[in-house]
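Chain by chain, the residues run as shown.
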Amino acid sequence: MPNGAVNNSNDGKHAIVTGGTRGIGHGIVQAMLEAGYSVTATGVTEAEVDACADHAGLTKAVLDVTDSDAITTLINAQPRIDAVVNCAGIIVREGREFEPDIFAKVIDVNLNGSMRMCAAAYPKLKQSGAGTIINLASMLSFFGSPFVPAYSASKGGVAQMTKSLAAAWAPDNIRVNALAPGWIETELTRNLVDDEGRSAGLMARTPMNRWGQPDDLGGAAVFLCSDAAKYITGAILPVDGGYLTV
């Protein structure tokens, strides 16, 4: 089965993946399509959405996850929702996350944006009878960061939000889990991948000794949305090549 897909028995099921037009989100979109889902993938700009290749079963949409009205419009346009994957997020480097306004912006996108999506999709996830949510956590859900305090705080919040929603919505047959990626090769990490010294240091800390790829997250996402994971909720699943073990 491609990309670690658990099965292809998901015909008729629909997933929304925010931030799904590039990077980790797009890796998850591809895996969900291969597993039989139809998918709505969102990007934050028209250019980002247009740059995402078309696929059978894929619908693309522009979405700002800080815009509650836009989220409501997107959710209402879906005839059904079986899974929501929250990958939309930002990180602001060069020490700017210590500025209160930037700190608040990162929290609003990464944490509040995920909660907006969860809350808006809740009625349709409940209606599906077996809805699933996957949030995107991080290695910085476990560690602090001296460089990106807002990103770290937002991802710590995502982990706790995931556990809280899992407990609250289990009676509605909605499972809520999170993926915590390690060092994944994307546009956002290109500068680190290309820096031989820094890349070597990161890989020395990673037992599998390679950069992860977006499709490494895809198989894990399909698994968590599948019946194979029907008794798993509130989990924060590291997909990190063993980074957390050392």
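Every chain begins its residue count from 1, and numbering advances along the sequence as written. Reporting in this predicted model follows two pLDDT cut-offs: at least 70 for local features of residues, and 80 or more for side-chain atom pairs to be given and counted; totals over whole chains, interfaces and linings ignore these cut-offs and use all residues. Side-chain numbers here rest on the full set of heavy atoms in the structure, without hydrogens or water.

> Which parts of the structure should I look at to understand the pairing of strand β6 (residues 174-181)?
The element β6 is extensively covered by neighbouring structure, given that eight of its eight residues are classed as buried. The cut-offs for exposure are 20% and 50% of the maximum accessible area for each residue type, with area from a 1.4 Å probe on protein chains only; residues under the lower value are buried, those over the upper are exposed, and the others partly exposed. Secondary structure elements are taken from DSSP: a helix is a run of H or I of four residues or more, a strand is a run of E of two residues or more, and numbering for both begins at the N terminus. The side-chain alternation of β6 yields two buried faces, one formed by Ile174, Val176, Ala178 and Ala180 and the other by Arg175, Asn177, Leu179 and Pro181. Pairing of strand β5 (residues 131-136) with β6, which is carried by six bridges, proceeds in the parallel orientation. Considered in β6, the bridge of isoleucine 134 is made with asparagine 177. Crossover handedness is defined here as right-handed if the route from the first strand over the helix to the second strand goes clockwise, with the strands pointing away from the viewer. Assessed by its sense of winding, the connection that carries the chain from β5 through helix α5 (residues 149-169) to β6 is right-handed. For two strands to count as paired, DSSP must find a minimum of two bridges between them. The pairing of β6 with strand β7 (residues 236-239) spans four bridges and is parallel. Paired with proline 181 across the two strands is valine 239, which belongs to β7.

> Looking at this structure, how should I read the pattern of salt bridges?
Two side chains bearing opposite charge may form a pair once their charged atoms approach each other closely. By convention in these notes, a salt bridge is any Lys or Arg side-chain nitrogen within 4 Å of a carboxyl oxygen on Asp or Glu. What the rule picks out here adds up to 10 salt bridges. One salt bridge in this structure joins arginine 22 and glutamate 187, with 3.4 Å as the shortest N-O distance. Of this pair, arginine 22 sits in the loop between β1 (14-18) and α1 (23-34) while glutamate 187 is found in the loop between β6 and α6 (190-194), placing the two residues 165 residues apart along the sequence. Notably, a salt bridge pairs aspartate 82 with arginine 80, separated by 2.6 Å at the nearest N-O pair. Using a relative accessible area of 5% as the deciding quantity, one classes aspartate 82 as buried. Arginine 80 sits in the partly exposed class, given a relative accessible area of 38%. Via salt bridges that share partners, Arg22, Glu48 and Glu187 belong to a single interconnected network.

> What's the story with α1 in this structure? I'm lost.
Side chains that are three or four residues apart share a direction in an α-helix, a result of its 3.6 residues per turn. An ideal rise of 1.5 Å per residue puts 16 Å on 12 residues; α1 measures up with 17 Å between its terminal C-alpha atoms. Burial runs high along α1: nine of the 12 residues are buried. All of the buried residues along α1 are Ile24, Gly25, His26, Gly27, Ile28, Val29, Ala31, Met32 and Leu33. Looking at the residues trailing α1, positive phi occurs at glycine 36, about 105°. In this analysis, the expected span of each helix is defined as 1.5 Å times one less than the number of residues it contains.

> Mind showing me how you'd approach the packing of aromatic side chains here?
For any two aromatic rings, the description comes down to two numbers: the centre-to-centre distance and the angle of the planes. The aromatic pairing rule takes the rings of Phe, Tyr and Trp, using the six-membered ring of Trp, and pairs them if the centres are within 6.5 Å, calling planes under 30 degrees apart stacked, those over 60 edge-to-face and the rest tilted. Applying the stated rule across the entire model yields four aromatic pairs. Between tyrosine 122 and tryptophan 169, the ring centres sit 4.7 Å apart and the planes meet at 35°, which makes this aromatic pair tilted. Residue tyrosine 122 is found in helix α4 (residues 100-128), and its partner tryptophan 169 is found in helix α5; the two are separated by 47 residues along the sequence. Among the residues examined, tryptophan 169 registers a relative accessible area of 11% and is labelled buried. Consider the rings of tryptophan 183 and tyrosine 243, whose centres lie 6.4 Å apart with planes at 75°: the pair is edge-to-face.

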